[in-house]
Amino acid sequence: MILVTGATGKTGSATAKSLSDMGEKFRVLIRNEAKKQELESLGAEVIIGSIENVEAVEQSMDGIDTVLILLPNSEGQLKLEKQLVDSAKQSGAKKIVKMSSIEATPDATSPIPKLHLESEEYIKQSGLSWTMVKPNFYMQNLLASAGTIKDQGKIFLPMGEGKTGMIDTTDVGKVLAKVLSEDGHESMNHEITGPEILSFYEVAEIFSQVLGTEVDYVDVPLAAYKETLGQFLTNQWHLDAVIDLFKGIAEGGIEEKTDTFNALMGDAPKSLAQFVTENSFIFKA
Ligand SMILES: NC(=O)c1ccc[n+]([C@@H]2O[C@H](COP(=O)([O-])OP(=O)(O)OC[C@H]3O[C@@H](n4cnc5c(N)ncnc54)[C@H](OP(=O)(O)O)[C@@H]3O)[C@@H](O)[C@H]2O)c1
């Protein structure tokens, strides 16, 4: 039996859908009771409780072989991930799959990649079998720009000429479901990008082509962007960490795509043009 954490979020819900499509048995630990029915309709066994609640975590681990550790970024993320690893080990689980990030490399200095790397190290030292799934920037992050794309034909971000290999979260969910449900991925780092390495100027061009209306990328100074983002992200640690991550993209980002998705899934990952097409009802005025 597989335990999925983060199952009501972007990648966790995509993972649950893929596991359901594959006919896999899985359990989820969620704190939002309103999502219970939706997950049950996918065949999931649902435990209601917070990852911060030791009893709920222990209950959710009972009889589990494989655990997906997938948590949102916060100052407490590393501590919670370590607690999940300890609980998995104590309850007799054999394998951990961790949602990490492609930026989590030994030379990482930014808080989010650093915490992922530290969590990876903790998992490796636990003695449990492990696989790290390490995606690049999610295409879904662009949904935060939907309002300005629709109203002004502009994407305001502080990424300069930096590049990413954006990937759709449904594709990340497919990879996670595969890695969770089969053997052969032990001690592997699956670094996942989408099919293209793009600057945000190129991202805007793709939006223009698909939507049939001009969309421009406006490179916003990092300090000004931080002030705007701070109106939405009120936790100072999280705000600083996201800005640091974006600074890393502005300083270059990533240069090369990986073929991990193709190799694992026997298919190409979704292109940005496909993503914009599928979500055009959100981006179009
Ligand atoms: N965004 C990117 O471009 C990107 C790229 C690579 C890697 N990542 C990594 O992806 C991870 C985030 O994944 P995501 O975007 O899919 O996350 P997300 O959409 O923010 O979802 C987070 C999930 O965790 C659940 N959760 C949070 N605290 C919980 C608690 N105390 N108890 C139970 N459940 C809890 C949330 O439940 P609720 O619905 O109840 O809130 C939700 O299901 C991060 O570790 C990030 O570093 C992100």
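Here, every reference points to the structure presented above.
The numbers attached to residues start from 1 for each chain and follow its sequence in the written order. The predicted origin of the model limits local features to residues at a pLDDT of at least 70 and limits the giving and counting of side-chain atom pairs to 80 or more, whereas totals for whole chains, interfaces and linings rest on all residues. Each side-chain value is derived from all of the structure's non-hydrogen atoms; neither hydrogens nor water enter the calculation.

Observations concerning the overall build of the protein
Reasoning step 1: Scanning the protein for helices and strands turns up 13 helices and 11 strands.
Reasoning step 2: Its C-alpha atoms give the protein a radius of gyration of 19 Å, within 12% of the compact-globule value 19 Å for 285 residues.
Reasoning step 3: In terms of principal-axis extent, the alpha carbons of the protein reach across some 55 × 35 × 35 Å.
Reasoning step 4: Each residue is placed in one exposure class: buried if its accessible area under a 1.4 Å probe, protein chains only, is under 20% of its type's maximum, exposed if it is over 50%, and partly exposed if it falls in between. Classification of the 285 residues of the protein by burial places 49% in the buried group.
Reasoning step 5: Two residues form a contact once any of their heavy atoms are found within 4.5 Å. In the protein, the proportion of contacts linking residues at least 24 apart, taken out of those at least 6 apart, comes to 74%.
Reasoning step 6: Surface accessibility of the protein: about 13200 Å² in total, with carbon and sulfur atoms responsible for 48%. Helical segments are the DSSP runs of H or I of at least four residues, strand segments are the runs of E of at least two, and each set is numbered from the N terminus. Throughout, radius of gyration means the C-alpha value; the globule benchmark is 2.2 Å times the number of residues raised to the power 0.38. Calculation of accessible area relied on Shrake-Rupley with a 1.4 Å probe; when residues are assessed, cover is drawn exclusively from the protein chains displayed.

Considerations on the site of the ligand
Reasoning step 1: Residues in contact with the ligand amount to 26 residues; listed here are only the nearest, T8, T11, L71, N73 and H116.
Reasoning step 2: Between the ligand and K10 there is a distance of 2.8 Å, counted from an oxygen atom to a backbone nitrogen or oxygen.
Reasoning step 3: Y138 is positioned with one of its backbone polar atoms (N or O) 2.9 Å from an oxygen atom of the ligand.
Reasoning step 4: Notes on the ligand: free accessible area 940 Å², of which the protein chains cover 83%.
Reasoning step 5: Broken down by secondary-structure element, the contributors of at least two residues to the shell around the ligand are α1 (10-21) and α5 (111-125).
Reasoning step 6: Classification convention: Asp, Glu, Lys, Arg as charged; Ala, Val, Leu, Ile, Met, Phe, Trp, Tyr, Cys, Pro as nonpolar; all other residues, Gly among them, as polar. Looking at the shell around the ligand residue by residue, the class counts come to 10 nonpolar, 13 polar and 3 charged. Proximity is defined per residue: any heavy atom of the residue falling within 4 Å of a molecule or strand makes that residue near it. A 3.5 Å cut-off defines polar contacts: any pair of N or O atoms within that distance qualifies, except that in protein one atom must be a possible hydrogen donor and the other a possible acceptor, and neighbouring residues in sequence count only when both atoms are side-chain atoms.

Notes on α1
Reasoning step 1: An ideal rise of 1.5 Å per residue puts 16 Å on 12 residues; α1 measures up with 17 Å between its terminal C-alpha atoms.
Reasoning step 2: Buried within α1 we find T11, G12, A14, T15, A16, S18 and L19.
Reasoning step 3: On its buried face, α1 sits against β1 (2-5), β2 (26-30), α2 (36-41), β4 (66-69), β5 (95-99) and α7 (169-181).
Reasoning step 4: Within two residues after α1, G23 carries a phi angle of roughly 75°, on the positive side. Take the number of residues in a helix, subtract one, and multiply by 1.5 Å to get its expected span.

Observations concerning the nonpolar core
Reasoning step 1: I155, F200, V203, F207 and L272 are the most contacted members of the largest nonpolar core, which has 30 residues in total.
Reasoning step 2: For this core, the secondary structure elements donating two or more residues are α6 (146-152), β7 (154-157), α8 (200-211), α9 (222-229), α10 (236-250) and α12 (272-278).
Reasoning step 3: Ranked by the residues each element gives to this core, the list is headed by α8, at 6 residues.
Reasoning step 4: Setting aside residues no more than four positions away along its own chain, I155 makes contact with S145, T148, I149, V203, A204, F207, V215, D216, Y217 and V218.
Reasoning step 5: The nonpolar core is taken to be a set of buried Ala, Val, Leu, Ile, Met, Phe, Trp, Tyr and Cys residues, with the residues joined through side-chain atoms within 4.5 Å. Within the second largest apolar cluster, 27 residues are counted, among which are L39, A44, V175 and L264.

Concerning the pattern of salt bridges
Reasoning step 1: One speaks of a salt bridge when a side-chain nitrogen belonging to Lys or Arg is within 4 Å of a carboxyl oxygen belonging to Asp or Glu. Applying the stated criterion across every chain yields a total of 12 salt bridges.
Reasoning step 2: Between D21 and K17 there is a salt bridge, with its nearest N and O atoms 3.0 Å apart. Placement of the pair is D21 and K17 together in helix α1, with a separation of 4 residues, close to one helical turn.
Reasoning step 3: Under the relative-accessibility criterion, D21 is labelled exposed at 57%.
Reasoning step 4: Ionic pairing is found between E251 and K247, a salt bridge with its closest N-O pair at 3.6 Å.
Reasoning step 5: For E251, a relative accessible area of 60% gives the class exposed.
Reasoning step 6: Members of the salt-bridge network, linked through shared partners, are D168, K270 and E278.

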